[in-house]
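The residues making up each chain are set out below.
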Amino acid sequence: MSTVVTKEIIHVTDRCKSCDHCTSVCPTGAIKGRLGEKHYIDHKKCVNCGQCLINCPFGAIVDMSMAEQVKKALADPSKVVVVQTAPAVRVALGEEFGLEPGANVKGKMFAALRRLGFDKVYDTEFAADLTIMEEGTELIHRIFAHVGVPGYEKSGPLPQFTSCCPAWIKYAEDRYPKILPHISSAKSPQQMFGAVAKTYAAQKLNVNPADMYVVSIMPCTAKKYECQREEMIASGFQDVDAVLTTRELAQMIKDAGINFLSLPDEKADRLIGSSTGAATIFGVTGGVMEAALRTAYEILSGQSLGNVEFKTVRGRKPIREATVNIPIKELGKTVPVNVCIVSGLKYVNEVIEDVLAGRSKYHFIEVMNCPGGCINGGGQPIRRDTY
Ligand code: SF4
Ligand code: SF4
Ligand code: SF4
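Counting from 1, residues in each chain are numbered in the order their sequence is written. Written order determines the labels here, with chains lettered from A and ligands numbered from 1. Local features in this predicted model are restricted to residues whose pLDDT is 70 or higher, and side-chain atom pairs enter the listing and the counts only when it is 80 or higher, whereas totals over whole chains, interfaces and linings include all residues.

**Side note on the overall build of the protein chain**
By the criteria applied, helices consist of DSSP H or I runs no shorter than four residues and strands consist of E runs no shorter than two, each listed in order from the N terminus. Helix and strand counts for the protein chain come out as 12 helices and 13 strands. Taking the principal axes of its C-alpha atoms as reference, the protein chain extends roughly 60 × 60 × 40 Å. As a rule, residues whose C-beta atom has 12 or fewer other C-beta atoms within 10 Å are exposed, those with 20 or more are buried, and those in between are partly exposed; C-beta atoms are placed from the backbone. Burial statistics for the protein chain: of 387 residues in total, 48% are counted as buried. Within the protein chain, contacts between residues separated by at least 24 positions form 73% of all contacts whose residues are at least 6 apart in sequence. Placing a C-beta atom from the backbone of each residue, one calls two residues in contact when those atoms lie within 7 Å.

See the structure below:
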């Protein structure tokens, strides 16, 4: 089955009323047009985050849909269709069925996916654990190189930036290519899942990876762009074939006539469906960084990390920082590690410029495009009643 390849995910339709609101929420200045003129998107600058889409008061902005492709795969008996669900979806999906924001409908979501015909229902948290291990280990190697532990000289530079937000990655590639060596080489949980599904899981399930179709349910429109990046073929195939947003999953459930609220609670399939739970906090800003930092701390010190106290940096509100003192067994000394969380791309420039100028005090920096993190991603339910 061929996959539609388009990297222009977000579009302004003729419903645009030229109110100009979208330009105030776009983090990259990609939306063009004056008051009174239909607006349009400069796709070179756009990072596909969908913040304009969820904030347009007239519903004039849409994202490219892969729903028809997914339905075709589900109807094809030669395909084994595997689905993964991100942590931020389960606490937002219920809104589309009249529940309060934050209601956890994980069990009903897994049940609905089975009734839609998915052959295997998995949780992205498994792959998020892998991302934590990879990012945490990479951070350790970079810290070792920084403090002069022999054998780690070729590790990347500090600070290390997180890599799991595809909007942030596109922004860095477009605007600050010199910062790329600082970005973790770990794939996002979505992409790790796809690669593991079409290799390890395919082998365990005795399925030819060519016949496996991997779908992600994400709170994020930029994930539609990420899955189509040309390097995301570690399994020898496109690792993730299609992405549906939380909104699109809700629509599929409604279109199929499934009474979502009356579904029983079901569990994810096991093979790659188990996780430590550490990855649940990926959905909010600070979650990725804190989970990887905990891993690094435990490996380096042999102890558990207590609560990390973050403080807002004065005058840079969506920027928070903390210092964690890590006792490193190998060195017999304690090393202070300065960490930073940036929530919203419009605040990242000054942090990057400090790094490039060699005046950054940070060792580990998390960057997420959407305000508050993926829980407020461009694929989440739209609250029109706020206008
Ligand atoms: S917010 Fe919507 S209606 Fe207003 S200018 Fe942007 S696309 Fe047009
Ligand atoms: S998707 Fe994001 S970057 Fe692209 S135009 Fe909309 S708000 Fe701007
Ligand atoms: S913060 Fe999360 S939802 Fe928003 S663009 Fe990044 S990965 Fe997607």
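**Quick look at the packing of helix α6 (residues 125-147) against helix α8 (residues 189-205)**
Lines are fitted to the C-alpha atoms to define the axes, a helix being fitted only along its stretch in contact, and any angle between axes, read from their N-to-C directions, falls within 0 to 180 degrees. Relative orientation of the contacting elements α6 and α8 amounts to 110°, with a least axis distance of 8 Å. Judged on the interaxial angle alone, α8 and α6 are roughly perpendicular. Mapping the contact onto sequence places A127, A128, L130 and T131 in α6 and P189, M192, F193 and V196 in α8. Under the scheme applied, nonpolar residues are Ala, Val, Leu, Ile, Met, Phe, Trp, Tyr, Cys and Pro; charged residues are Asp, Glu, Lys and Arg; polar residues are all the others, including Gly. Residue classes in the contact of α6 with α8 are distributed as 7 nonpolar, 1 polar and no charged. Under this scheme an angle from 65 to 115 degrees is roughly perpendicular, one under 35 degrees roughly parallel, and one over 145 degrees roughly antiparallel; angles in between are oblique.

**What to know about the environment of A86**
With respect to the helices and strands, A86 occurs in the loop between β5 (80-85) and α4 (87-90). The buried category is assigned to A86, around which 29 C-beta atoms lie within 10 Å. A sequence separation of 39 residues divides A86 from E125, and the C-alpha atoms of the two residues are 6.9 Å apart. Discounting residues that sit within four places of it in the chain, A86 has contacts with T124, I217, M218, P219 and C374.

**Some details on the packing of α6 against helix α11 (residues 287-301)**
For the pair α6 and α11, interaxial distance at closest approach is 8 Å and the crossing angle is 55°. Relative to α11, the element α6 is oriented oblique. The two elements α6 and α11 meet at a crossing, and its hand is right-handed. Across from I132, M133, E135, G136, L139 and I140 in α6, the residues of α11 making contact are A291, A292, T295, A296, I299 and L300. Classifying every residue of the contact of α6 with α11 gives 9 nonpolar, 2 polar and 1 charged. By definition, any crossing whose near helix is turned counterclockwise from its far helix by less than a right angle is left-handed, and any crossing with a clockwise turn is right-handed.

**Description of the site of ligand 1**
Using a C-beta atom placed from the backbone for every residue, we mark a residue as near a molecule or strand if that atom lies within 6 Å of it. Around ligand 1 lies a shell of 13 residues, among which C16, C19, H21, C22 and C56 are the nearest. Partitioning the shell around ligand 1 into residue classes produces 8 nonpolar, 3 polar and 2 charged.

**Some points on the pairing of strand β9 (residues 242-245)**
Working note: regular strand, side chains alternate between the two faces of the sheet. The alternating pattern of β9 places A242 and L244 on one face and V243 and T245 on the opposite face, and all of these are buried. Direction of pairing for strand β8 (residues 212-218) relative to β9: parallel, over a ladder of 4 bridges. The partner of S216 across the bridge, within β9, is V243. What makes two strands pair is DSSP finding at least two bridges between them.

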